[in-house]
Amino acid sequence: MFRLLLSLLLIVLIIVGCSNNDRAQINVIYFAGLPMGQVMKEMMPEFTKETGITVNFLEIPYDNVRSKELTSVRQDQGAYDVMYVDDIWMYEYAKEGIVIPLTDYVSRDSLEVDFDDFVDKVVVAESILNDTIWLMPQRADAQCLFYRTDLFENPKNISDFRNKYGYDLNPPETWDQFKDIAEFFTRDTTGDGKIDLYGTTLTLKRPHFAFEFFAMRYWSFTNSQFLDGNSKPIFNTPGGVEALNYLVSLKEYAPPGVSNWQHDESITAFAAGMTAMCPQWFAFYPTFNDPNTSTIVDKFSVALVPGMYHEDQLVRAPSIGGGSFGVPVDSKNMEAAWEFIKFMTGKRFMKNAAMRGAIVTRKSIYTDPEVLEKHPIYDLHLKSLEISWYRPRLVRYAELQETIGLAVSRAFVGEMSSQEALKIAEESALEITK
Amino acid sequence: MRSNIIHKSVKTVAISFISAWVIISIFPIFWALLTSLKPPIEVASMPPKLLFLPDFSNYKTVLFGGAGGFYSIVQEGFWRFLMNSFVISTITTILTLFLGTMSSYYIARVKLKSDRLRFWFLSLRMMPPIAIIIPFYIMMKYVGLVDSKISLILIYTIFNLPLTVWFVSSYIRTIPIEYDQMAAIDGFSKWSGFLKVIVPMSKPAIITSALLVFIFSWNEFLFALILTGFKSKTLPVLATGFITQRGIIWGQLTATAIIIIIPIFIMTLIAQRYLSRGMTLGIKR
Amino acid sequence: MTSREIGQFRIFIWPTIIFIIILTVFPFLYAIALSFTDHNYVSSDQTKIVGIDNYIELFQDSLFTKSLKNTVLLVAISTFCELAIGFTLATIFFTYVRKLKKFIQTIIIMPMAMAPVAVALMWKYIFNSSYGILNYIFESLSLKPIDWLGSNAYALISIIIVDIWQWTPFVLLIVLAGYESIKRNAIDMMLVDGANKLQLLRFLILPRIMPFILVALLLRIIDTFKLFDIVYVLTEGGPGSATETLSLFGYRLGFIFFKMGLASAESIILVLLISVWTVLLIRLLKKII
């Protein structure tokens, strides 16, 4: 009798224990419309089967994610268990106690996680701050230069270019070459008196597009960051002004309206064959490669972004950008959240994602022969990541981005001179970095 | 003779003006409709294609979810968002009309010494969302109404009361006081007089208000974004999901926009029946 | 009206007043209180009381004053056009349209019925300087294409165009209902005096339609001062500061910088600004009626 009761109790406990596992539910916020998200949704059933955790997956447009995440954490309701964090927010999230440190979790499951497998530059940009692991990196993007191989390899173009500029037509190594090439390709190809081919796209809508595309030039022009070691602004220098003036001078070689372009317009323009070059984030590679969305599928390639020589050294400065997972401090399901994060930053998931053309964060995946065979271009992307720069680190990053982005936009559209724009930005920046 | 010609030419100008406006109104929406029926690669083609075979895959993806490579957003629960939006908009409209028409009656009939009451109503609409969204959220948290449809219904009602009150009260003011008095003489209480006489006579204003309130609630974005989580997410929040970091998925965005506008279109057509008061002058008993 | 009668009426207004007070007292006081602090919603720093520093800081910010200027321009031009066009359309519609009434009215209302975000995105596409339909039409008519959203000169005009496109139906609906209200009485007069006394009718109908025009005017002014979705999606204040508006400025302060103290102060300024305008307008138009 007693044994029967005991075994019944045991059975009940087991059932309760198992069903508790099944009833574990987590809420995840992610950026809307990412290819990685697509892969995640497809692998979600596998995750649930392995761990018994069901996932509520909420995708929100990028522009609204940070607002939603910050207000939600401060509301302290445990609304979300996993948040997706852009690398530029990491400093703020860490310093303001928005996410919990993950160092202990990582060391506990170190074998499974294999943290050293993450690309070093990526870890610095979107994972570790002051020796603490705050976020787990999932996506790592870097700016690169897309260009039209058919235009660059055309014999007439090659000889015309050599005659006009005195050197060979190749993907530009320096910003001066970039400008020459942009000028060269801005032309009327149909003979109707209207320019229909442009040298390059530009993506300069306020504020963060303006900022990130100015940054790649600013960094290589000045070989310095926007803030110094004490987080004080140092961008209002002759080099900074020169970089901004350079950007403004590209206006005539870009299609009309670029001062208001977001990613969408510039990739649409390049994919439709409107420009010869397109400095953009590598993540758009699949878009250009897909016959459903691109007319230039076999006619383009990718190069590293141009740079500037500083004492015989060519300084290229693609910006790094990406997304990582963090666990909000008010989450009530941290263990389950961690399981999710492990899975979605794990090797199996990333291999799957990489084969589909998504931009992952693990060295082993980028050097995996199978992946490289399918996407040989990943080799270049890895190189870009390894020479990449990260954007300024401060809690009030959003304000700094807004200030500098505003200055870039103002100078570009002629509202004021580069000097004036940067000066005003510096005044604001001084207040922000007080 | 001369006045006839003037009359005719005025009429022609007037009709052309309104026709032009109809074309201007419908053109962008028509363009969105066309775009929603195109595959993504046609979006930037110049000159823009006008004749092509319609392709409904965008609609299929939005409504039922779909694979479609990297350019589709698998939509789970489109119907849930639709339901949420519908419930919120309907209840907001009913609540706003209920409170609003009653208040309009008071304002229209009671000769107030100052305009303060009317102005106070108007001021409810003046507050920009940022200032009150956080304290409102705190209030909702206090009563446990976070991520609920009720929180949106309440705030939408507050925003739409000014419109309803001002509009309907202006309309009621044009109803001669004799009708109220006749109703009283016939033995109606204030309330039944209001309900059975004034309200039916104010149909154009009430129905128009209903339409405006419904549309507002159906399309509102900011409060819906911040105040809702999973349970009460609405259609506008869904629609903006197509603005992604890698670009705007035009085909599906326009398809969603068209889908969102169809219920309003149908509703407006139905509402037309009640917008015109007709020539009845007698009081129906 | 006897005090007893007024008492009978009270039941019509009290539920609404109580409803409003319960829901708005706390947020309103909270916002005012917050405007005198340096509260940052995200920061773990202690919130300090700073008195009127926020207000001073705002008026010293050149971007804020630019947004003020832009917003007033936007309100003035949009509202004026919407009222003029809306009133004209309503009059034409009421006078001349007999066939297809329901259909035409529904189509005219559609712009307003569309989600502002969707509207903005559609127009972004239409305004595109390189592959947008508007410039395509311009070029076909041998006109020079305009850089709608990318130039200093035309960005604000583009916003105004979209606002007018979307909200004129609002005015139309309200004025139409106004016409319905006087239809009853006016019809008798029209039958008596004959239709060729059009001008006399103008002076008879116009004063009666004035209250409705006033309603439309006030609501449009309030809504346009707060216009957000269209600006945010189309230009986000750019290029440069050409389309920086008060609501965008406030949104940025509150939801991107999370400086709630400043954002509240900005909102209070906005509300005061709107109030001043509406009070002035009500007084002015009352004299005319």
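Conventions used here
- Residues numbered from 1 in each chain as written.
- Chains lettered and ligands numbered in written order.
- Predicted model: local features only at pLDDT ≥ 70, side-chain atom pairs only at ≥ 80, totals over all residues.
- Helix = DSSP H or I, 4+ residues; strand = E, 2+ residues; numbered from the N terminus.
- Buried ≥ 20, exposed ≤ 12 C-beta atoms within 10 Å, placed from the backbone.
- Contact = placed C-beta atoms within 7 Å.
- Core = buried A, V, L, I, M, F, W, Y, C linked by C-beta atoms within 7 Å.
- Pairing = 2+ DSSP bridges.
- Domains from an automatic or database assignment.
- Nonpolar A, V, L, I, M, F, W, Y, C, P; charged D, E, K, R; others polar.
- pLDDT = per-residue confidence, 0-100.
- Axes fitted to C-alpha atoms, helices over the stretch in contact; angles between N-to-C directions.
- Parallel < 35°, antiparallel > 145°, perpendicular 65-115°, else oblique.

1. Quick word on the overall build of chain B
Stage number 1. When helices and strands are tallied, chain B shows 12 helices and 2 strands.
Stage number 2. Its helices and strands taken in sequence order, chain B reads α-α-α-α-α-α-α-α-α-α-α-β-β-α from the N to the C terminus.
Stage number 3. A buried classification covers 50% of the 285 residues belonging to chain B.
Stage number 4. Across chain B, contacts joining residues at least 24 apart in sequence account for 75% of those joining residues at least 6 apart.

2. A few points about the overall build of chain C
Stage number 1. A count of helical and extended segments in chain C gives 11 helices and 0 strands.
Stage number 2. In chain C, the order of α-helices and β-strands from amino to carboxyl end is α-α-α-α-α-α-α-α-α-α-α.
Stage number 3. A principal-axis box enclosing the C-alpha atoms of chain C has dimensions of 75 × 70 × 30 Å.
Stage number 4. Within the span of chain C, comprising 289 residues, buried residues form 49% of the whole.

3. A word on the nonpolar core
Stage number 1. Within the largest apolar cluster, 292 residues are counted, with the highest numbers of intra-cluster contacts made by Val82, Phe340 and Val408 of chain A, Ala257 of chain B together with Ile174, Val175 and Ala216 of chain C.
Stage number 2. It is helix α7 (residues 152-193) of chain C that contributes the most residues to this core, 15 residues altogether.
Stage number 3. For phenylalanine 340 of chain A, the residues in contact, after removing those within four places along its chain, are Ile26, Val28, Phe47, Ile53, Val55 and Val82 of chain A.

4. Observations regarding the pairing of strand β12 (residues 320-326) of chain A
Residues and elements named next belong to chain A.
Stage number 1. Within β12, 7 of the 7 residues are buried, which leaves it mostly tucked inside the rest of the structure.
Stage number 2. Because side chains alternate across β12, one face comprises the buried residues Ile320, Gly322, Ser324 and Gly326, and the other comprises Gly321, Gly323 and Phe325, equally buried.
Stage number 3. Here 6 bridges tie strand β6 (residues 136-148) to β12, and the two strands are oriented antiparallel to one another. Each bridged residue has a counterpart across the sheet, and for arginine 139 the counterpart in β12 is glycine 323.

5. Notes on the domain arrangement of chain B
Interface size, as often reported, equals the accessible area lost upon joining of the parts.
Stage number 1. Examined at the domain level, chain B breaks down into domain 1 (2-57) and domain 2 (78-275).
Stage number 2. Considered class by class, the residues forming the side of domain 1 of chain B that touches domain 2 of chain B number 5 nonpolar, 2 polar and 1 charged.

6. Looking at the interface of chain C and chain B
Stage number 1. Each side of the interface is counted separately: chain C has 79 residues, and chain B has 75 residues.
Stage number 2. In terms of residue class, the side of chain C that touches chain B is built from 58 nonpolar, 15 polar and 6 charged.

7. Some words on the confidence of the model for chain C
Stage number 1. Mean pLDDT over chain C stands at 87; residues scoring 70 or higher make up 91%.
Stage number 2. This complex was scored by the predictor with a pTM of 0.88 and an ipTM of 0.85.

8. As for the packing of helix α4 (residues 116-123) of chain B against helix α6 (residues 149-173) of chain B
All names here are of chain B.
Stage number 1. Direction vectors running N to C along α4 and α6 enclose 140°, while the axes themselves pass 7 Å from each other. Of the possible angle classes, the one that applies to α4 and α6 is oblique. From α4, Arg118, Phe121 and Leu122 reach across to α6, where they touch Leu161, Pro162, Val165 and Trp166.
Stage number 2. Counted by class, the contact of α4 with α6 contains 6 nonpolar, no polar and 1 charged residues.

9. So, the pairing of strand β11 (residues 313-316) of chain A
All names here are of chain A.
Stage number 1. Here 4 bridges tie strand β10 (residues 307-310) to β11, and the two strands are oriented antiparallel to one another. Note that in β11 the partner of tyrosine 309 across the bridge is leucine 314.
Stage number 2. The antiparallel hairpin formed by β10 and β11 contains 2 residues in its connecting segment, where glutamate 311 sits at a positive phi of about 55°.

10. Details of the environment of glycine 33 of chain A
Residues and elements named next belong to chain A.
Stage number 1. By the secondary structure assignment, glycine 33 is in the loop between β1 (25-31) and α2 (35-51).
Stage number 2. Since 24 C-beta atoms lie within 10 Å of it, glycine 33 is described here as buried.
Stage number 3. Sequence-wise, glycine 33 and glutamate 59 are 26 residues apart; in three dimensions their C-alpha atoms are separated by 7.6 Å.

11. Re helix α15 (residues 334-344) of chain A
Stage number 1. Most of α15 of chain A sits out of view: 8 of its 11 residues are buried.
Stage number 2. Taken together, the buried positions of α15 of chain A are occupied by Ala336, Ala337, Trp338, Glu339, Phe340, Ile341, Phe343 and Met344 of chain A.

12. A few points about unusual backbone geometry
Stage number 1. Residue proline 207 of chain A is bonded to the preceding arginine 206 of chain A through a cis peptide linkage, with omega at -20°.
Stage number 2. Its location among the elements puts proline 207 of chain A in the loop between β7 (198-200) and α11 (208-222).
Stage number 3. For the bond running from glycine 238 of chain C to proline 239 of chain C, omega is -5°, close enough to zero to count as cis.
Stage number 4. Along the chain, the position of proline 239 of chain C falls in the loop between α9 (229-234) and α10 (246-256).
Stage number 5. Located in the positive-phi region is asparagine 223 of chain A, a residue other than glycine, with phi close to 50°.
Stage number 6. At serine 231 of chain A, a residue that is not glycine, the phi angle is positive and equals roughly 60°.
Stage number 7. Mapped onto the secondary structure, serine 231 of chain A falls in the loop between α11 and α12 (238-249).

13. Quick look at the confidence of the model for chain B
Stage number 1. Mean pLDDT over chain B works out to 79, with 82% of the residues at or above the 70 mark.
Stage number 2. A low-confidence stretch, residues 278-285 of chain B stays under pLDDT 50, and its non-local contacts, those more than four residues away or across chains, total 4 contacts.

14. Description of the environment of methionine 43 of chain A
Residues and elements named next belong to chain A.
Stage number 1. Relative to the elements of secondary structure, methionine 43 occurs in helix α2.
Stage number 2. The sequence separation of methionine 43 and threonine 103 amounts to 60 residues, and the corresponding C-alpha distance is 26 Å.
Stage number 3. Excluding residues that lie within four positions of it along the chain, methionine 43 makes contacts with Phe349 and Asn352.

15. Some remarks on the environment of phenylalanine 184 of chain A
Residue and element names in this part refer to chain A.
Stage number 1. Examined against the element boundaries, phenylalanine 184 turns out to sit in helix α10 (residues 175-185).
Stage number 2. Residue classification places phenylalanine 184 among the partly exposed positions, given that 18 C-beta atoms sit within 10 Å.
Stage number 3. Ignoring sequence-local partners within four residues, the contact set of phenylalanine 184 consists of Phe161, Lys164 and Gly199.

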